[in-house]
Amino acid sequence: MRLLHTSDWHLGRSFHRVSLLDAQAAFLDHLIATVREREVDAVLVAGDVYDRAVPPLAAVELFDRALHRLAEAGVPTVMISGNHDSARRLGVGAGLIERAGIHLRTDPAGAGVPVVLSDAHGDVALYGLPYLEPSLVREQLGAVKPGHEAVLSAAMDRVRADLAARPAGTRSVVLAHAFVAGGEPSDSERDITVGGVAAVPAGVFAGVDYVALGHLHGSQTVDERVRYSGSPLAYSFSEVHHRKTMWLIDLGADGAIEAAERVDCPVPRPLARISGRLDDLLADPELARHEEAWVEATLTDPVRPAEPMARLTARFPHTLNLVFEPERTDDAPHASYAQRLRDRTDQQIAEDFVAHVRGAGPDGAERTVLHGAFEAVRVDAAEREVAR
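In this report, we go over the structure that sits alongside the text. (Residues numbered from 1 in each chain as written. Predicted model: local features only at pLDDT ≥ 70, side-chain atom pairs only at ≥ 80, totals over all residues. Heavy atoms only, no water.)

## Some details on the pairing of strand S13 (residues 245-251)
Extensive coverage of S13 is indicated by the burial of seven of its seven residues. Alternating residues of S13 divide into Thr 245, Trp 247, Ile 249 and Leu 251 and Met 246, Leu 248 and Asp 250, and every residue in both groups is buried. For S13 and strand S14 (residues 257-264), the ladder comprises seven bridges, and the chain directions are antiparallel. Residue Leu 248 lies in a different strand from S14, and its bridge partner there is Glu 261. Where S13 folds back on S14, the antiparallel hairpin that results is connected by five residues, among which Gly 255 adopts a positive phi of roughly 90 degrees. (Buried < 20%, exposed > 50% of the residue type's maximum accessible area, 1.4 Å probe, protein only. Helix = DSSP H or I, 4+ residues; strand = E, 2+ residues; numbered from the N terminus. Pairing = 2+ DSSP bridges.)

Next comes the structure, spelled out in structure tokens:
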């Protein structure tokens, strides 16, 4: 059975205020063409269909057209909701849509209820695990502990129980939206850290033949049977070196991955990160290749130059982001505020602040209070989004 694995469409998202709707429409054209040309048997969409819980109307219309075209192609499609989606909104009409071969899986309670497809070698059971916010689904799934690993393990227990009751030789595929250990994140994913644990082990998914993951925006292989498709478009300059693709997976008669091919997605405009003094950037002939790219420029001039954006866009008309990181002399060795905060968690920043104003960092009890406060805010935000 040939599967086309994609995820993280983020319909409605912009790139530094530039609308990506046309680029997203071009990607969906490419997806439909790939389905037809490569004789795909099933399409897997592993979450984050939309960029936010209440997407703009243009994004909803684009999704609606995509559903109609997938249905017309006659190829079954399985989709799950991601952490950016409103599961309840995305799942509206799922029962009716299923009659057209589009299977939306947004309810955690249905984790152990697969979409069953068949080929010449027998059945393939496809299980959709929507994004599982631990604070909201722990009791529903009967997880014994808090956190992503516990709720995913509980959901996978349901998958394995259902699979065990099926005829011997039934192949299995799981769609999930999670941060799995071994994956490389980028700047454009929303943090789903819970309890200080940012990732779950790939072993959570033991017992199935293929795991189609979403959430991380870089296409990558955790292991032979556990893969991220990545997003079809770049959504931050941290993805400048990403090759945006979908996975074309051939699942063999015995459940083995017989072939795994990356199918390139259309690139609306290349990305470039350039750095240096403004006059050097404007004069360097080596940078001519970036003149039609979306550009993030980091200026290292010791003194902020006059009208930097206007001067940059004269050569690089698609400059979207400007960063100042002045060269430091011996008299000014300290990193900028932004540099000092880079790669630090909210908890670490808060602890640094306590140390700054008090002269000593928080003790163990105070760290626990801070952690509880940040966790309460994060959970409240998740609950509000679900309720919207």
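## Things to note about the pattern of salt bridges
Taken as a whole and assessed by the stated rule, the structure comprises 17 salt bridges. The residue Asp 250 makes a salt bridge to Arg 2 at a minimum N-O spacing of 2.7 Å. Note that Asp 250 is positioned in strand S13 and Arg 2 in strand S1 (residues 2-6), a separation of 248 residues in sequence. On the basis of relative accessibility, which here comes to 23%, the residue Arg 2 falls in the partly exposed class. Among the ionic pairs, Arg 315 bridges to Glu 291, the shortest N-O distance being 2.9 Å. Pair noted here: Arg 315 is in helix H8 (residues 308-315) and Glu 291 is in the loop between helix H7 (278-283) and strand S16 (294-299), with a separation of 24 residues, a long-range link. Looking at Glu 291, the relative accessible area reads 26%, which means it is partly exposed. (Salt bridge = Lys/Arg side-chain N within 4 Å of Asp/Glu carboxyl O.)

## Structural notes on the pairing of strand S10 (residues 210-214)
A large share of S10 lies buried, amounting to five of its five residues. Taking every second residue as pointing to the same face, both faces of S10 are buried, with Tyr 210, Ala 212 and Gly 214 on one and Val 211 and Leu 213 on the other. Judged from the five bridges that link them, strand S9 (residues 171-177) and S10 form a sheet pairing that is parallel. The residue bridging Leu 175 from the neighbouring strand is Ala 212, located in S10. Bridge count between S10 and strand S12 (residues 226-228): three bridges; the pairing is parallel. Bridge pairing links Val 211 to Val 226 in S12.

## Some thoughts on the sheet that holds S16
Strands sit in the order S15-S16-S17 across an open sheet of three strands; the sheet is parallel. Looking along the sheet, the strands with just one partner apiece sit at the ends: strand S15 (271-276) and strand S17 (319-324). On average, adjacent strands in this sheet sit at an angle of 15 degrees to one another, irrespective of strand direction. Here five bridges tie S16 to S17, and the two strands are oriented parallel to one another. Residue pairing in the sheet places Val 295 in a bridge with Thr 319 of S17. Of the strands in this sheet, S16 and S17 touch H8, which is tilted by about 135 degrees from S17. (Axes fitted to C-alpha atoms, helices over the stretch in contact; angles between N-to-C directions. Contact = heavy atoms within 4.5 Å.)

## Quick word on helix H10 (residues 346-358)
End to end, H10 covers 18 Å across 13 residues, agreeing with the expected 18 Å (1.5 Å per residue, within 8%). Of all the positions in H10, only Gln 347, Ala 350, Glu 351 and Val 354 are classed as buried. Down the axis of H10, the buried side of the element spans an arc of 100 degrees, and every buried residue falls inside it. Pointing more than 90 degrees away from the buried face of H10 are the exposed residues Phe 353 and His 356. (Expected span 1.5 Å × (residues − 1). Arc of directions from axis to C-beta.)

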